[in-house]
Amino acid sequence: MRAPSSDLPLVLENVSLRAGATAILDGLNLTITQGAPTLLIGPNGAGKTSLLRLCMGLTAPSSGRITWGGRLDRAPTRRAIVFQRPVMLRRSASANVAYALAQAGVPRKDRASRIADLLQRVGLAELAHRAARRLSGGEQQRLALARALAREPEILLLDEPTANLDPAATRGVEEIIQMAALSGIKVVMASHDLGQVRRLAGDVIFLLRGRQHERAPARDFLDHPSSAEAASFLRGDLVI
């Protein structure tokens, strides 16, 4: 019996992304392996969302090479992505998860138990039959995480999933992320919240002007940044 393919390590080799004459990402060399969450930080326009889209395979690099577990195939074998503003299907919460399971190829006979388990996992079991678009912002983000987890991903890519959420909703989403990481899922997450970085990150990638400016264990980066630009960013200065 053939072992399931892996998307790790995720390796970017001299990867650049351009829009016309504009360099969105420039010369990235990056390896993502199993372990604690990796958080992407940097000013707006630094390239965090574009990097996540490249990692998912939604965007092809303008130059360079990306491999997933040594494969060049961009098909998302063992990865999933959640955007800052996820689109909810015009269906119930449970039907949204059912759709994700169907897309993941889960047999129909197995879906009911998986739906119940996933909704329980994200704290939405009691809202299974509510229209997804009537859920609060935090509940919608938790449902988006349930849909992503339906794919049984090895890599979970998150684009500022708690942006615009209140503290209680943020805590609920962070708890799901922490549980996913503890279960062995590699989380790669963009964030603008330095407190969140301290709570969640194993390591930090600091992007600036489309380049990987610094990478370090989270505590080292937050307490002892190695560059003036990173120190300015951490102080809350405008870094462009």
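Up top is the structure.
Residues numbered from 1 in each chain as written. Predicted model: local features only at pLDDT ≥ 70, side-chain atom pairs only at ≥ 80, totals over all residues. Heavy atoms only, no water.

## As for the packing of helix α2 (residues 93-103) against helix α4 (residues 137-149)
Between two packed helices, both the angle of their axes relative to each other and the distance between the axes serve to describe the pair.
Logical step 1: Between α2 and α4, whose axes approach to 8 Å, the crossing angle comes to 25 degrees. In terms of axis orientation, α2 runs roughly parallel to α4. Pair α2 / α4 crosses with right-handed handedness. Packed against α2, whose contacting residues are Ala93, Asn96, Val97 and Ala100, the element α4 presents Leu143, Ala146 and Arg147 at the interface.
Logical step 2: Partitioning the contact of α2 with α4 into residue classes produces five nonpolar, one polar and one charged. (Axes fitted to C-alpha atoms, helices over the stretch in contact; angles between N-to-C directions. Helix = DSSP H or I, 4+ residues; strand = E, 2+ residues; numbered from the N terminus. Parallel < 35°, antiparallel > 145°, perpendicular 65-115°, else oblique. Left-handed = near helix turned anticlockwise from the far one by under 90°. Contact = heavy atoms within 4.5 Å. Nonpolar A, V, L, I, M, F, W, Y, C, P; charged D, E, K, R; others polar.)

## Some details on the layout of surface pockets
Logical step 1: Its boundaries defined by the atoms lining it, the largest pocket holds a volume of some 470 Å³.
Logical step 2: Taken together, 17 residues make up the lining of the largest pocket; nearest its centre are Ile81, Phe83, Arg147, Ala148 and Arg151.
Logical step 3: Elements represented by at least two residues in the lining of the largest pocket include exactly β5 (79-82), α2 and α4.
Logical step 4: Roughly 290 Å³ of internal volume is contained in the second largest pocket.
Logical step 5: The wall of the second largest pocket is formed by 16 residues, among which Gly42, Pro43, Asn44, Phe233 and Val239 lie closest to the centre.
Logical step 6: The residue makeup of the lining of the second largest pocket, split by class, is seven nonpolar, five polar and four charged. (1 Å grid on protein atoms, 1.4 Å probe; cavity = no way out; pocket = protein on both sides within 12 Å on 5 of 7 lines; lining within 4 Å. Points joined across faces, edges and corners; volume = space filled by probe spheres on them.)

## A closer look at the packing of aromatic side chains
Given two aromatic rings, one states the distance between the centres and the angle between the planes to describe the pair.
Logical step 1: For the structure shown, the criterion picks out two aromatic pairs.
Logical step 2: Pairwise contacts between aromatic rings join Phe206, Phe221 and Phe233 into one cluster. (Phe/Tyr/Trp six-rings, centres within 6.5 Å; stacked < 30°, edge-to-face > 60°.)

## Focus: α2
Logical step 1: Turning to α2, its buried residues are Ala93, Ser94, Asn96, Val97, Ala100 and Leu101. Down the axis, α2 shows its buried residues gathered within 160 degrees of arc, on one side only.
Logical step 2: Buried-residue contacts for α2 involve α3 (108-121) and α4.
Logical step 3: At the C-terminal side of α2, Gly105 shows a positive phi close to 85 degrees. (Buried < 20%, exposed > 50% of the residue type's maximum accessible area, 1.4 Å probe, protein only. Arc of directions from axis to C-beta.)

## Observations regarding the sheet that holds strand β2 (residues 22-32)
Logical step 1: Reading across from one edge, β2-β1-β4 is the order of the three strands in this open sheet, with antiparallel pairing throughout. Looking at the sheet topology across the chains shown, the edges are occupied by β2 and β4 (63-68). When the angles between neighbouring strand axes are averaged without regard to direction, this sheet yields 20 degrees.
Logical step 2: Alignment of strand β1 (residues 10-19) against β2, held across seven bridges, turns out to be antiparallel. Bridge pairing in β2 links Leu12 to Leu30. (Pairing = 2+ DSSP bridges.)

## As for the sheet that holds β5
Logical step 1: Read across the sheet, six strands follow the order β5-β6-β7-β3-β8-β9 without closing on themselves; strand pairing throughout is mixed. Both outer strands of the open sheet, β5 and β9 (211-217), are each paired with one neighbouring strand and no more. Taking the axes of each pair of neighbouring strands and ignoring which way they run, one obtains an average angle of 15 degrees across the sheet.
Logical step 2: Relative to strand β6 (residues 155-159), β5 runs parallel, the two being bridged by four bridges. Bridge pairing in β6 places Arg79 opposite Ile155.

## Description of the side chain of Ser227
Logical step 1: Note that Ser227 resides in the loop between α7 (218-223) and α8 (228-235).
Logical step 2: Of the residues examined, Ser227 reaches a relative accessible area of 15% and is grouped as buried.
Logical step 3: Only 3.1 Å separates the side chain of Ser227 from the side chain of Glu214, close enough to count as a polar contact.
Logical step 4: Sequence-distant contacts of Ser227, that is, excluding residues within four places in its chain, are made with His213 and Glu214. (Polar contact = N/O pair within 3.5 Å; in protein donor to acceptor, adjacent residues only side chain to side chain.)

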